[in-house]
Amino acid sequence: MKFSKSILTAITLATALTAGAETWSLDSCISYAIAHNLTVKSRQISAEQGELGVTEAKDRFLPQVQAGANQSWGFGRSLTAENTYASRNTSNFGWNVGLSLPLFQGLRNVRNLDYARSSMVQTLEQLEETKDDITLNVIAQYLQTLYCRELHGVALEQVRLSKVELERRKELLAAGKTPEVDLLQAESQLAQDEVSAVTALNNLDIAMLDLAQLLELPSTDGFDIAPLTTDPVDDRLPSPTEVYESALRINHSIAAARAGVEASGKYVKVAQSGWLPSLSFSAGIGSSYYKTSGYVNENFGAQMRHNLSKSLGFSLSIPIFDGFSTRNSVRRARLQEISARLQLSDSRNRLLKNITQAHTQAIAADKRREASRTAETSTHAALEAIREKYNYGKANATEFEQAKTAYIRAVSDAVQAKYESVLRRRILRFYSTGQRY
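Fair warning: this is a prediction, and the values are worked out from it, not measured in the lab.

A. Seen up close, unusual backbone geometry. Its identity as a non-glycine residue notwithstanding, E216 has a phi of 60°, on the positive side. The phi dihedral of F324 is positive, around 60°, even though this residue is not glycine. The topology assignment puts F324 in the loop between β8 (309–317) and α9 (325–391). A relative accessible area of 42% means that F324 is categorised as partly exposed.

If you want it as structure tokens, here you go:
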């Protein structure tokens, strides 16, 4: 069809307006956004903190070793062994090394390690969930930009048709075959179409800017996107149940919620450790050197040998009453577990809702696309018929403009239905397979 080919040409022209710019595919946009998005980077820091938490939990099983030394001096009168006071100067030096090893801490260290590992899994899944959200946002904005581009192409074609019609009416007016009001009407229609083209271009610029900002690009200079190479509308549309069952196994938001339930359950165990006794082992070694003026003192080495002391010990602590601190901690942990389970149920419900909505919208878009194709064909035929009638004076200018507007509207509806169908199918494929590219 002549008009359809002209619209394709106009769309190509709209694309060429950004010629020379770097062309990005949908997959490259997704990968770049995931690598540079600030929210993703923030989640990566949280994941690293989770790994550090596991390391810290492991380190609690290690012994603690401390070393110390002290030096002091005394001046003036002091009490002597004979229970009298005398002016003497003293010097005292000592050192010690101590070791403390937790043998049993009410299973707190073991449970803390389990909890840290579960929390790390949750943060890793939350990181992947954030990447999934970015992926869906980029897909939606990418397709929105392509949609705006095609609408701009349609608007340019409408301007072209209006210019052709204006020139034709000028020729008819010069030949005395049409009234001057038809020429004025054609000029008015051209002005309206040019305004619509400018609006469409502004919408395209805004959509391009939104996509660039989603990718954390500083501006849209040198930025352009490529059209889709395949049309997934001919693919089989899976049922919502199929997609949902697949998503329950691979969706990262569900996995993060499950990890949250597991982590909260292990945190309850950590809190319950406060009711159990703890046992630790300690060992130490040390010596000292003491000097008093007016007395004969052993030398430093001799005193270090003679004053050397060693110690070994065990310490047992049995909790009897801690002011209900452990009880309150356990209650608080159980509430967190309940909240985590509710979050998991909510995540499942939202996932099912999103899948069902995407499926329903995909079916509706397919029907609209088929109907708009029929409307495009019929309105094009009507436009050609009105054009012939108008050429022979059997139709007026208003009827011709109405037929042209109906055809352009049908083309616009077809474009919108196409991208709506592509978007919903891409979302369903993402939920079903988990593939971002």
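B. Looking closely at the nonpolar core. Core analysis: the largest hydrophobic core is formed by 45 residues, its most contacted members being V138, Y142, L215, F223, I355 and Y431. For this core, the element with the highest residue contribution is helix α4 (residues 108–174), accounting for 9 residues. Not counting residues within four places of it along the chain, the set of residues in contact with L215 comprises W24, C29, Y32, A33, H36, V138 and F223. Listed in part, the 9 residues of the second largest apolar core include L383, F400, A403 and Y407.

C. Representation of the pattern of salt bridges. With the rule as written, the count across this model stands at 14 salt bridges. For E165, the salt bridge identified is with R168, shortest N-O distance 2.8 Å. Linking E165 with R168, this pair stays in helix α4, spanning 3 residues, or about one helical turn. For R168, a relative accessible area of 17% corresponds to the buried category.

D. Looking closely at the sheet that holds strand β5 (residues 90–105). In spatial order, the strands read β2-β5-β7-β8; together these 4 strands make up an open sheet with antiparallel pairing. Each end of this open sheet is capped by a strand with a single partner; those strands are β2 (64–74) and β8. The average angle at which neighbouring strand axes cross in this sheet is 20°, direction not considered. With 15 bridges joining them, β5 and strand β7 (residues 278–292) adopt antiparallel strand pairing. For S100, the partnering residue across the bridge sits in β7 and is S282.

So, how was this worked out
- Residues numbered from 1 in each chain as written.
- Predicted model: local features only at pLDDT ≥ 70, side-chain atom pairs only at ≥ 80, totals over all residues.
- Heavy atoms only, no water.
- Helix = DSSP H or I, 4+ residues; strand = E, 2+ residues; numbered from the N terminus.
- Buried < 20%, exposed > 50% of the residue type's maximum accessible area, 1.4 Å probe, protein only.
- Core = buried A, V, L, I, M, F, W, Y, C linked by side-chain atoms within 4.5 Å.
- Contact = heavy atoms within 4.5 Å.
- Salt bridge = Lys/Arg side-chain N within 4 Å of Asp/Glu carboxyl O.
- Pairing = 2+ DSSP bridges.
- Axes fitted to C-alpha atoms, helices over the stretch in contact; angles between N-to-C directions.

Purely geometric numbers; function is a separate question.
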